[in-house]
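Examining the three-dimensional arrangement
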Amino acid sequence: MRFIKDPRDLPFLHLMTSIHLTVIPLAILLYLPILNGLWWWAVAIPYFYISQFYFKGSFGLMLHCFCHRSMWKSEWQWMQKYILWFLSPFFGHLGESYHSHHIGMHHIEGNMPEDSSSTMGYQRDSVKDFIKYWLNFMALGFHDTFQFLFKRNLRKFYVPLTYSEILFYIFAVAMCFVNLKATMVVFVIPFFFARLVMMLGNWTQHAFVDPVEPEDELASTVICMNTVYNHKCWNDGYHAFHHLKPAAHYTEYPLMFEKYKDQLAEKKTFVFSGVHYLHIFKWLMTKNYDQMAAHLININNSFRDKDEMVSLLKARVQKFENTDQPKTNPKEFISN
């Protein structure tokens with residue numbers, strides 16, 4: 001507790017300790033010349049599983065929490081930079097790139113058209129459209145995010161964004177000359193994997209957009225509760241509340257559910273029980289609306305029956321042909 005401000009953040013220290021005892025030593029081992037042939041792969045395969053499947057979700061959502069709330073006491077604030085610039089690349093995140101995109105743009109625009117990761121211009125139950133969405137972000141995500149931040153003179157975001165992206169590419173190329181196989185496993189593949197996972201998550205979190213009030217935080221986002229995913233990833237399933245109160249601590253979301261229950265019913269927010277984003281993504285891609293409806297919680301009987309649920313689910317995934325929306329003043333948003 002001498003390092004952090006809030007005892008609720010102690011699990012983050014446990015996670016970082018585990019990462020330093022497993023991921024970092026194994027990554028270093030992969031670069032050393034003492035491993036060859038099958039012995040190298042005997043370390044590389046478990047390393048990739050541990051770093052990219054066991055720890056990736058927990059680390060990524062811890063990073064997300066850090067973007068909104070610094071957990072460190074003043075004399076330990078340098079740890080924030082250490083996590084962003086040293087630890088993050090092992091999980092496919094590039095320095096302050098995610099922070100700049102998420103805080104400087106995504107929470108300002110809230111999935112509106114100016115957001116470079118907006119889902120509104122896509123048919124959100126289409127495999128083809130998801131592939132277009134991911135490829136577009138891979139090709140133009142940095143460009144579009146930089147343009148958004150630069151035009152609004154948000155220098156504290158676009159400068160670290162630029163450094164983060166460019167320095168990672170230089171670093172990755174340089175490390176390929178040191179050990180190509182290790183660099184691919186430790187840094188390059190995790191980078192592509194991370195951006196696929198992030199886009200898949202954002203797609204699902206913002207798949208159901210109210211056609212009348214697309215900017216409404218409750219009507220156009222979802223909640224996943226009663227799922228193990230929330231225990232592993234710091235209540236990330238309560239996405240509607242995160243957009244409603246971005247600075248709220250992740251432990252507060254279940255209490256917010258009780259507080260906002262009537263508003264959730266009024267807005268017909270999709271609250272899924274017992275499933276997480278990967279389930280919903282799979283059902284979207286297969287257009288399995290019956291399964292989605294079967295896992296919706298009918299708060300205050302806001303839905304007449306299953307048919308109404310299915311009808312509304314389908315209505316909220318339709319592509320927006322006209323995405324001209326009022327723009328938010330970013331400096332006013334950040335100052336508030």
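To start, this report covers the structure provided alongside it. Note that the structure is predicted; figures quoted are calculated from it, not measured.

1. Considerations on the pattern of salt bridges
Applying the stated rule across the entire model yields 13 salt bridges. Two residues, Arg8 and Glu252, come together in a salt bridge whose shortest N-O distance is 3.2 Å. With Arg8 in the segment before helix H1 (10-31) and Glu252 in the loop between helix H10 (239-244) and helix H11 (253-259), the pair connects residues that are 244 residues apart, well separated along the chain. Overall, the relative accessible area of 32% leaves Arg8 in the partly exposed class. Glu252 gets classed as partly exposed once you look at its relative accessible area, which sits at 28%. Here Arg195 and Glu165 are joined by a salt bridge, their closest N and O atoms 2.7 Å apart. Of this pair, Arg195 sits in helix H8 (residues 180-205) while Glu165 sits in helix H7 (residues 155-178), placing them 30 residues apart in sequence. A relative accessible area of 3% places Glu165 in the buried class. Through salt bridges with shared partners, a single network forms among Asp6, Arg8, Arg69 and Glu252.

2. Concerning the packing of aromatic side chains
As enumerated under the stated definition, the model contains 39 aromatic pairs in all. Ring geometry for Phe208 against Phe272: centres 6.2 Å apart, planes inclined by 40°, an arrangement best described as tilted. Of this pair, Phe208 sits in the loop between H8 and strand E1 (222-225) while Phe272 sits in strand E2 (residues 270-273), placing them 64 residues apart in sequence. We note that Phe208, like Phe272, is buried. An aromatic cluster is defined as three or more aromatic residues linked by ring pairs; in this entry it consists of Phe12, Phe66, Trp72, Trp234 and Tyr250. Cation over ring: Lys232 sits above Tyr54, and NZ or CZ is 4.7 Å from the ring centre. The positively charged end of Arg316 is found above the aromatic ring belonging to Phe270, 4.8 Å away from the centroid.

What counts and what doesn't
Residues numbered from 1 in each chain as written. Predicted model: local features only at pLDDT ≥ 70, side-chain atom pairs only at ≥ 80, totals over all residues. Heavy atoms only, no water. Salt bridge = Lys/Arg side-chain N within 4 Å of Asp/Glu carboxyl O. Helix = DSSP H or I, 4+ residues; strand = E, 2+ residues; numbered from the N terminus. Buried < 20%, exposed > 50% of the residue type's maximum accessible area, 1.4 Å probe, protein only. Phe/Tyr/Trp six-rings, centres within 6.5 Å; stacked < 30°, edge-to-face > 60°. Lys NZ or Arg CZ within 6 Å of the ring centre and 35° of its normal.

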